[in-house]
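Structure at a glance
Take a look at the letters that make up each chain.
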Amino acid sequence: MAGLGSLNAGELMSVAQSLSQPADSYINDPNLEMMWAMKAYQHAEIYFNLICSVDPTFLKLTREDDQIYTEFRKQFRDLKIDVLDPSKLKSDAAKQQWRPFCLKFETLVEDFNYGTLLRLDCSKDYVEENTIFATRIQFFAIEIARNREGYNTMVYERSTKAKTAHADDKVTEVSTEQEEPLAQPAGLAGEENAAHS
């Protein structure tokens, strides 16, 4: 599959319309699975860039952040969110616990049950070994909690330090270049002395 960049506007609209259908209306079509995966990856990439650029403690991910956070911490008070245990999301017992929580937001959060990528260790980027597939409402609940409780702040601070270091390197590079005297072409030095004699 060539990717979304190779599609024209009409084809992109068709893809968008296809992806807006409920997941249970599809058969395991590899092309659709690839489109779902690409959409989930793009969402993850945008979110990670966001928490690298803006202090996550100030982020508002949905209009229902307060309600999502309150309900999440009411039902999952002891869930460790800095480094997630996949079984706390995927085991049969966990699914039974998550289902009522997710359904509370069926009419409040658009696409509440769509597949989304979630980082297991919030101090790390989206890489295969640090990523799990979750529903969008699980993603929102956990990431809102990580933002409010300060767990995503380390990603922002690390990104800010890296940007500052990179900017400092650029300034040092420019100032070093400006401090070097301009060399006078060899032929001109002799001509200047001859003109003064």
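Residues numbered from 1 in each chain as written. Predicted model: local features only at pLDDT ≥ 70, side-chain atom pairs only at ≥ 80, totals over all residues. Heavy atoms only, no water.

In the nomenclature of an unreviewed UniProt entry, the chain is known as Polysaccharide biosynthesis domain-containing protein of Chiloscyllium punctatum.

1. Focus: the overall build of the chain
Which entries qualify depends on this criterion: Only runs of H or I of at least four residues qualify as helices and only runs of E of at least two qualify as strands under DSSP, and these elements are numbered from the N terminus. Three labels apply to residues, based on accessible area from a 1.4 Å probe with only protein chains included: buried if under 20% of the type maximum, exposed if over 50%, partly exposed otherwise in between. Here, residues are in contact when the closest pair of their heavy atoms is within 4.5 Å. Using a 1.4 Å probe, accessible areas were evaluated by the Shrake-Rupley method; residue-level cover was limited to the displayed protein chains.
Along the backbone of the chain there are 8 helices and 2 strands. For the chain, the sequential pattern of α-helices and β-strands runs α-α-α-α-α-β-β-α-α-α. Every one of the 197 residues in the chain was classed for burial, and the buried ones make up 31%. In the chain, 66% of the contacts between residues at least 6 apart in sequence involve partners at least 24 apart. As displayed, the chain offers around 12,700 Å² of accessible surface, 55% of which is attributable to carbon and sulfur atoms.

2. Side note on the nonpolar core
Proteins that are soluble and globular tend to have nonpolar side chains buried together. This is how the line gets drawn: As used in this record, nonpolar core signifies buried Ala, Val, Leu, Ile, Met, Phe, Trp, Tyr and Cys residues forming a set joined through side-chain atoms within 4.5 Å.
Formed by 35 residues in total, the largest nonpolar core has its most connected members in Ile68, Phe72, Trp98, Phe101, Leu118, Ile137 and Ile142. Only helix H2 (30-53), helix H3 (65-75), helix H5 (92-103), strand S1 (115-119), strand S2 (131-135) and helix H6 (136-148) provide two or more residues apiece to this core. A total of 7 residues in this core trace back to one element, the largest contributor, which is H6. When sequence neighbours within four positions are dropped, the list of residues in contact with Phe72 reads Arg77, Leu79, Ile81, Trp98, Phe101, Ala141, Ile142 and Ala145.

3. Quick notes on empty space enclosed by the protein
What counts, and what does not: Here a cavity denotes a set of grid points, spaced 1 Å apart and computed over the protein atoms alone, in which a 1.4 Å probe fits but from which it cannot get out, and a pocket denotes an open set meeting protein on both sides within 12 Å along at least five of seven lines; residues with an atom within 4 Å of a point are reported as lining. Grid points are joined across faces, edges and corners, and a volume is the space filled by probe spheres set on the points. Under the scheme applied, nonpolar residues are Ala, Val, Leu, Ile, Met, Phe, Trp, Tyr, Cys and Pro; charged residues are Asp, Glu, Lys and Arg; polar residues are all the others, including Gly.
According to the stated counting rule, one finds 1 cavity of 30 Å³ or more in the structure shown. Forming the boundary of the largest cavity are Trp36, Lys39, Ala40, His43, Tyr114, Gly115, Thr116 and Arg136. Elements represented by at least two residues in the lining of the largest cavity include exactly H2 and S1. With 4 residues, H2 is the largest single contributor of residues to the lining of the largest cavity. When grouped by side-chain class, the residues that make up the lining of the largest cavity number 3 nonpolar, 3 polar and 2 charged.

4. Remarks on the side chain of Arg136
With respect to the secondary-structure elements, Arg136 resides in helix H6. Its relative accessible area of 13% is what places Arg136 among the buried residues. Setting aside residues no more than four positions away along its own chain, Arg136 makes contact with Glu110, Asp111, Phe112, Asn113, Tyr114 and Thr116.

5. Comments concerning the packing of H3 against H5
Selection criterion: Geometry is summarised by axes, namely lines fitted to C-alpha atoms with helices restricted to the contacting stretch, and by angles between N-to-C directions that run from 0 to 180 degrees. Oblique is the label for every angle not falling under 35 degrees (roughly parallel), over 145 degrees (roughly antiparallel), or within 65 to 115 degrees (roughly perpendicular). What makes a crossing left-handed is the near helix being turned counterclockwise from the far one by less than a right angle; a clockwise turn instead makes it right-handed.
At their nearest, the axes of H3 and H5 sit 11 Å apart, and the two run at 155° to each other. When the axes of H3 and H5 are compared, the pair comes out roughly antiparallel. Note on packing geometry: the crossing formed by H3 with H5 is right-handed. Seen from H3, the contacting residues are Ile68, Glu71, Phe72 and Gln75; seen from H5, they are Gln97, Trp98 and Phe101. Broken down by class, the residue content of the contact of H3 with H5 amounts to 4 nonpolar, 2 polar and 1 charged.

6. A closer look at unusual backbone geometry
Of note in this structure, Asp111 is not a glycine but carries a positive phi near 55°. Structurally, Asp111 can be placed in the loop between H5 and S1. For Asp111, a relative accessible area of 22% corresponds to the partly exposed category.

7. A short note on H2
Here is the rule we go by: Any helix carries an expected span of 1.5 Å times its number of residues minus one.
Look at H2: 34 Å from first C-alpha to last across 24 residues, which is about the 34 Å you get at 1.5 Å a residue. Regarding H2, the residues found buried are Leu32, Met35, Trp36, Met38, Ala40, Ala44, Tyr47, Phe48, Ile51 and Cys52.

8. Examining the packing of aromatic side chains
Note the following rule: Ring pairs are drawn from Phe, Tyr and Trp, using the six-membered ring of Trp, whenever the two centres fall within 6.5 Å, and their geometry is named by plane angle: stacked under 30 degrees, edge-to-face over 60, tilted for the rest.
Enumeration according to the criterion identifies 11 aromatic pairs in this entry. Ring plane angle 85° and centroid distance 5.5 Å describe the contact between Trp98 and Phe101, whose orientation is recorded as edge-to-face. Placement of both Trp98 and Phe101 in helix H5 is noted, with a separation of 3 residues, approximately one turn of the helix. Accessibility expressed as a relative area gives 2% for Trp98, which makes it buried. Taken together, the ring pairs connect Phe72, Phe76, Trp98, Phe101 and Phe105 into an aromatic cluster.

9. Considerations on the environment of Phe112
With respect to the secondary-structure elements, Phe112 resides in the loop between H5 and S1. The sequence separation of Phe112 and Gln138 amounts to 26 residues, and the corresponding C-alpha distance is 8.4 Å.

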